[in-house]
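Listed below are the residues making up each chain.
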Amino acid sequence: MKRFVLVLLLAGWAHAVPASSSLIGNVNGRTTVSLNGAWRTIVDPFDNGKSSRFFRNEKPRNRSDRVEYSFDASPVLNVPGDWNTQRESLLFYEGPVWYRREFTYHNLANTRVFVYFGAANYQASVYLNGEKLGEHEGGCTPFNLEATSLLRDGENFLIVEVSNVRRADAVPALKFDWWSYGGITRDVMLVEVPTTFIQDYSVQLERGSQHEIAGWVQFNGAVTTHEVTIQIPEAGVAFKALTEANGYARFRFDVNKLACGKRSASKCSPLLKLWSPDNPKLYRVIISGEGDSVADEIGFRSIEVQGAKILLNGKPIFLRGISMHEEAPFREGRAFSSEDAETLLGWVKDLGCNFVRFAHYPHNENEIRLADRMGLLVWSEIPVYWDIDWSNPATLENAEAQLRDMIARDHNRAAVILWSVSNETPVKPERLTFLTKLVQEARELDPTRLITSAMNHVDETAPDVRTLSDPLGEVVDVVGLNEYLGWYWGRPEEADKMQWKATWNKPLIISEFGGGAEYGRHGDADEIWTEEYQQNLYQHQLGMLERIPNLAGMSPWVLMDFRSPARMLPGVQDYHNRKGLISNRGQRKLAFYTLQKFYEKLAEEGK
Ligand code: GCB
């Protein structure tokens, strides 16, 4: 019989620093009002909207009143959704677009209301009823702005200026190998919370432990009772912690001890069923205090590094993975819905993966939540990609904010095991300083997960020997390597004798390899762009990877073909990166089956 134990925590323990993001954790666990749907939009290529004050939503008051814009008469775009694939004239558009949504709202007593955006790419300025609510930079991270004092009881209008203009000081900067889909690309909603509410919380296993839960709760607003309760009903646990004056509470408890009471823990069978790809067990967790309460589904698992091995729940695991973009299956454009996530992650599962790399920016929450339920381990990344403005403090602040918000949204998801701070960045001192700061910050924000980066700087240390020599390898927990032997250099057959050496005794993930093929194009294995070429490349690569001693996982490039302005070859690429194992129409190429067979073999071998 389960015992229900209530323990009052009197002393705090040093643990995670709260993510100092202003994000409300777990908005889907809150009362929300969706603002998705058709929004009126004005395309503003010359950036006139600010000076013409589009945010006032003006209408001519008489027949001679000159107002040179009209939301009422402008066409609509769907939210969520990128503009590029909704209107042909906007496919290549880079600039500002103004969005307007009118809605009726009835004010509630003792309630604060926030406008929440899952993402708007890349920069957004938000106005409610003609007044500015705030701004946000970063195209793939969520943000919320308080609307309580500006909301009217009755009719309201929300106006958002979204711009996807690329900038040298932005993150990512001017060049990247994916489509800069503009617009409000994820859900928009009003989130209703009490005057004092639980802003965010972390309920995770203490690093290295399989039964000690540690974390924190952060309240927003004045705290009066100074008490917060963490309940996991299925495990028979309710735990009380004290809240400090600043609304922050830390806690730590041993689930086994709570369940065993005074008996020695060794005499009790472990209580928590740990989350793993084979058994993605999620517990209902309820956090309550100060008159607020929020429920979540949380899995408990440990993730650590031991020498060159990654340990999941104390046992070595090999990451059979694939990289993917947040590109919509079948219809192209940004993926956003749970159906998109079901299709894409369904393919990942079909491939035999237990791991997926969400490249190169934080993906939507539907994907992460589904990975949690499906038992897929996740690598999540911020778009610090190729070269950016390393010496610019504003660029660092921007990258830090994106890192904070990525972690703030997903730090309770068991699926996420790796935070990646960058991809293929050039080796130079200012870049190392920049990335080292990000690594340190990620560790402070979330000491329970591993930090990584995808690197590509290698030296030819002997004929047929390549050594990964990026000094960033010293800083991260897990080393990621993108290597394109057989595509950007060398022939696929050269993989048969190639050896890869790493300077550090750390787990190595081959975070990318691959080659382009157009679905349905057939020929010899040495004919570029054919499915046979791509398949042959995979065959030789897989043989090579099996010989790397510290290999802890792999995520070849890439699950599905995706749009990229950098891929222009007519008749083959037509603005698509064709390295997908699946075409943008959902057709599986030969190499899909090659990798699937390899992963089946690894799974049989218990990897
Ligand atoms: C890479 C990048 C990825 C590209 C890929 C390619 O190394 O990380 O974003 O799309 O190579 O296809 O060249």
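Right, let's walk through the structure included here.

The rules we used
- Residues numbered from 1 in each chain as written.
- Predicted model: local features only at pLDDT ≥ 70, side-chain atom pairs only at ≥ 80, totals over all residues.
- Heavy atoms only, no water.
- Helix = DSSP H or I, 4+ residues; strand = E, 2+ residues; numbered from the N terminus.
- Rg over C-alpha atoms; globule rule 2.2 N^0.38 Å.
- Buried < 20%, exposed > 50% of the residue type's maximum accessible area, 1.4 Å probe, protein only.
- Contact = heavy atoms within 4.5 Å.
- Areas by Shrake-Rupley, 256 points an atom, 1.4 Å probe, with all protein chains shown as cover.
- Lys, Arg positive; Asp, Glu negative; His and termini not counted.
- Charge placed at Lys NZ, Arg CZ, Asp CG, Glu CD.
- Core = buried A, V, L, I, M, F, W, Y, C linked by side-chain atoms within 4.5 Å.
- Patch = residues over 30% accessible without salt bridge, like charges linked within 9 Å, V, L, I, M, F, W, Y side chains within 5 Å.
- Salt bridge = Lys/Arg side-chain N within 4 Å of Asp/Glu carboxyl O.
- Pairing = 2+ DSSP bridges.
- Axes fitted to C-alpha atoms, helices over the stretch in contact; angles between N-to-C directions.
- Near = heavy atom within 4 Å.
- Polar contact = N/O pair within 3.5 Å; in protein donor to acceptor, adjacent residues only side chain to side chain.
- Nonpolar A, V, L, I, M, F, W, Y, C, P; charged D, E, K, R; others polar.

### Concerning the overall build of the chain
Working step 1: Counting secondary structure elements, the chain contains seven helices and 34 strands.
Working step 2: For 607 residues, the compact-globule estimate of 2.2 N^0.38 gives 25 Å, and the C-alpha radius of gyration of the chain, at 25 Å, lies within 12% of that figure.
Working step 3: By principal-axis analysis of the C-alpha atoms, the chain measures approximately 75 × 75 × 45 Å.
Working step 4: Counting across all 607 residues of the chain, residues that qualify as buried make up 61%.
Working step 5: Across the chain, the fraction of contacts at a sequence separation of at least 24, relative to all contacts at a separation of at least 6, is 73%.
Working step 6: Working note: accessible area of the chain is about 23,300 Å², and carbon and sulfur atoms make up 49% of it.
Working step 7: Mean positive and mean negative side-chain charge positions of the chain (67 and 79 charges, respectively) differ by 4 Å.

### Topic: the nonpolar core
Working step 1: Counting residues in each nonpolar core, the largest one holds 106 residues, and the members touching the most others are Val-384, Leu-438, Met-554, Leu-559 and Leu-595.
Working step 2: Ignoring any residue separated from it by four or fewer positions in sequence, one finds Val-384 in contact with Val-171, Trp-390, Ala-399, Val-421, Ser-422, Asn-423, Thr-425, Phe-434, Leu-435 and Leu-438.

### Here we look at helix H3 (residues 365-374)
At 3.6 residues per turn, the α-helix brings residues three or four places apart onto the same side.
Working step 1: For H3, the buried fraction is high: seven of the ten residues fall into the buried class.
Working step 2: Turning to H3, its buried residues are Glu-365, Glu-367, Ile-368, Arg-369, Leu-370, Ala-371 and Asp-372.
Working step 3: Gly-375 sits one or two residues past H3 and shows a positive phi near 80°.

### Points about a nonpolar patch on the surface
Working step 1: A cluster of nonpolar residues, Phe-92, Met-568 and Tyr-575, forms a patch on the protein surface that exposes about 310 Å² of accessible area.
Working step 2: Among the structural elements, Tyr-575 can be located in the loop between strand S33 (562-563) and strand S34 (576-577).

### Points about the sheet that holds strand S32 (residues 551-554)
Working step 1: The strand order S22-S23-S24-S25-S26-S29-S31-S32 describes a closed barrel built from eight strands, whose pairing is parallel. Direction aside, the axes of adjacent strands within the sheet are offset by 30° on average.
Working step 2: Pairing analysis gives four bridges linking strand S29 (residues 478-482) to strand S31 (residues 508-512), with the strands arranged parallel. When the bridges of S31 are listed, Asn-482 appears paired with Glu-512.
Working step 3: Running at roughly 160° to strand S25 (residues 416-423), helix H5 (residues 429-445) makes contact with S25 and strand S26 (450-455) of the sheet.

### Re the sheet that holds strand S19 (residues 303-306)
Working step 1: The strand order across the open sheet built from three strands is S19-S20-S21, with neighbouring strands paired in antiparallel fashion. A single partner strand is all that each edge strand has here, and the edge strands are S19 and strand S21 (315-316).

### So, the site of the ligand
Working step 1: Neighbouring the ligand are 14 residues, the closest being Asp-177, His-360, Glu-424, Tyr-488 and Lys-579.
Working step 2: Asn-423 places a polar side-chain atom, nitrogen or oxygen, 2.8 Å from an oxygen atom of the ligand.
Working step 3: Within the side chain of Arg-567, a nitrogen or oxygen atom sits 3.1 Å from an oxygen atom of the ligand.
Working step 4: Relative to its unbound accessible area of 320 Å², the ligand is 97% covered by the protein chains.
Working step 5: When its residues are assigned to classes, the shell around the ligand shows five nonpolar, four polar and five charged.

### Considerations on the pattern of salt bridges
Side chains that carry opposite charge are capable of pairing whenever their charged atoms lie near each other.
Working step 1: This model, assessed by the stated rule, comprises 45 salt bridges.
Working step 2: Residue Arg-404 is joined to Glu-441 by a salt bridge in which the shortest nitrogen-to-oxygen separation is 3.2 Å. Of this pair, Arg-404 sits in helix H4 (residues 393-410) while Glu-441 sits in helix H5, placing them 37 residues apart in sequence.
Working step 3: Glu-441 sits in the buried class, given a relative accessible area of 17%.
Working step 4: Among the ionic pairs, Arg-578 bridges to Asp-561, the shortest N-O distance being 3.2 Å. Of this pair, Arg-578 sits in the loop between S34 and helix H7 (590-604) while Asp-561 sits in the loop between S32 and S33, placing them 17 residues apart in sequence. Judged on exposure class, the residue Arg-578 and its partner Asp-561 are both buried.

### Observations concerning unusual backbone geometry
Working step 1: With an omega of 5°, the peptide bond running from Val-171 to Pro-172 counts as cis.
Working step 2: You can see Pro-172 is positioned in the loop between strand S10 (154-163) and strand S11 (188-194).
Working step 3: Omega for the peptide link from Ala-359 to His-360 comes to -15°, which places this bond in the cis form.
Working step 4: By the element assignment, His-360 lies in the loop between strand S23 (355-358) and H3.

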